[in-house]
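# Survey of secondary and tertiary structure
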Amino acid sequence: MHEDIEKVLIDEDVIRRRLVVLAERIIADFEGKPMVAVALLKGAVLFVADLIRHIPLPMEFELLNVSSYHGGLKSSGEVLFLDNHQPDLHGKHVLLLDDILDTGLTMEAVTKKLKDQGAEDVKTCVLLAKDIPRDTVKEADYTGFVIANEFVVGYGLDYQDRYRNLPYVGILKEEVISS
Ligand code: PRP
Ligand code: MG
């Protein structure tokens, strides 16, 4: 375990098994439809890479660079689109993938944008969803794990752009955050 990690919340094996279950549900829903997987940088990178290898359907694949946390502990409340990449989504069924549903602002803003770009349908898929009330997206269409309202890192999730490479989801030691 990394020396800055207090506790592993979800280990590699548990993640791997859950992704297979999510993939089966996604396959059943998207089979026969023109599919585009859209993943959000940077947090969704490990999740999407592991998940889509279990989805043997024809699909296009896009990455969108958005940011709401700017490396910190709390959502800034504003979702920034960091590039001008606008794939043509007319008639496409989009699977929108992210690492975590927190305030839901990111999912809400991106879903709206993808529909504006012509997407026929947008289904949301997150590895983690915080168990908190939210006024935005109530829940994703596909959720890996519901977690308590704690700050987590690893498996794509960062603190000040670090810890994304950890193969598990964990909780940082307090002294790492305050220092
Ligand atoms: C984080 C996370 C989600 C979003 C969730 O991204 O990866 O995309 O915030 O928060 P929300 O539900 O409150 O909008 P961040 O903006 O930190 O960028 P990153 O993915 O590059 O780390
Ligand atoms: Mg993100």
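Details of the structure are given in the entry above.
Residues numbered from 1 in each chain as written. Chains lettered and ligands numbered in written order. Predicted model: local features only at pLDDT ≥ 70, side-chain atom pairs only at ≥ 80, totals over all residues.

### What to know about the overall build of the protein
Convention followed: Helix and strand definitions follow DSSP, with helices as H or I runs of at least four residues and strands as E runs of at least two, each counted in order from the N terminus. We take the radius of gyration over the C-alpha atoms and set the globule estimate at 2.2 Å times the residue count to the 0.38 power. Here a residue counts as buried when 20 or more other C-beta atoms sit within 10 Å of its C-beta, as exposed when there are 12 or fewer, and as partly exposed otherwise, the C-beta atoms being derived from the backbone. Placing a C-beta atom from the backbone of each residue, one calls two residues in contact when those atoms lie within 7 Å.
Of the regular secondary structure elements, the protein holds four helices and nine strands. What you see in the protein, going N to C, is helices and strands ordered as β-α-β-α-β-β-β-α-β-β-β-β-α. Here the C-alpha atoms of the protein give a radius of gyration of 16 Å, agreeing with the 16 Å that 2.2 N^0.38 yields for 179 residues. Counting only C-alpha atoms and orienting by the principal axes, one finds that the protein spans roughly 50 × 35 × 30 Å. The burial tally for the protein puts 32% of its 179 residues in the buried class. By sequence separation, contacts in the protein at least 24 residues apart represent 65% of the contacts at least 6 residues apart.

### Digging into the sheet that holds strand β8 (residues 152–153)
Where we set the bar: At least two bridges found by DSSP between two strands are what make those strands a pair.
The three strands are arranged β1-β9-β8 in an open sheet whose pairing can be described as antiparallel. Of all strands in the sheet, those with a lone pairing partner are β1 (5–10) and β8, marking the two edges. When β8 meets strand β9 (residues 169–172), the two strands line up antiparallel, connected through two bridges. Residue pairing in the sheet places V152 in a bridge with I171 of β9.

### Things to note about unusual backbone geometry
Glycine aside, negative phi is the norm for most residues, and most peptide bonds take the trans geometry. Note the cis peptide between L41 and K42, where omega equals -5°. With respect to the helices and strands, K42 occurs in the loop between β2 (35–41) and α2 (45–52).

### What about the nonpolar core?
Heads up, the condition is: The term nonpolar core refers to a group of buried residues, namely Ala, Val, Leu, Ile, Met, Phe, Trp, Tyr and Cys, whose C-beta atoms join them within 7 Å.
Counting 44 residues, the largest nonpolar core has V38, V94, L95, L96 and L97 as the members making the most contacts within it. Counting residues per element, the ones that place at least two in this core are α1 (12–30), β2, α2, β5 (93–101), α3 (105–116), β6 (121–130), β8 and β9.

### A closer look at α3
We apply this condition: By definition here, a helix of n residues has an expected span of 1.5 Å times n minus one. In this description, the arc belongs to the directions extending from the helix axis to the C-beta atoms.
Taking 1.5 Å per residue, twelve residues should reach 16 Å; α3 reaches 17 Å between its end C-alpha atoms and fits that length. Residues T106, M107, V110, T111 and L114 constitute the buried set of α3. Seen end-on, α3 carries its buried residues on one side only, within an arc spanning 120°. Along α3, the residues that are exposed and aim more than 90 degrees away from the buried face are K112 and D116. On its buried side, α3 packs onto β2, β3 (59–67), β5 and β6.

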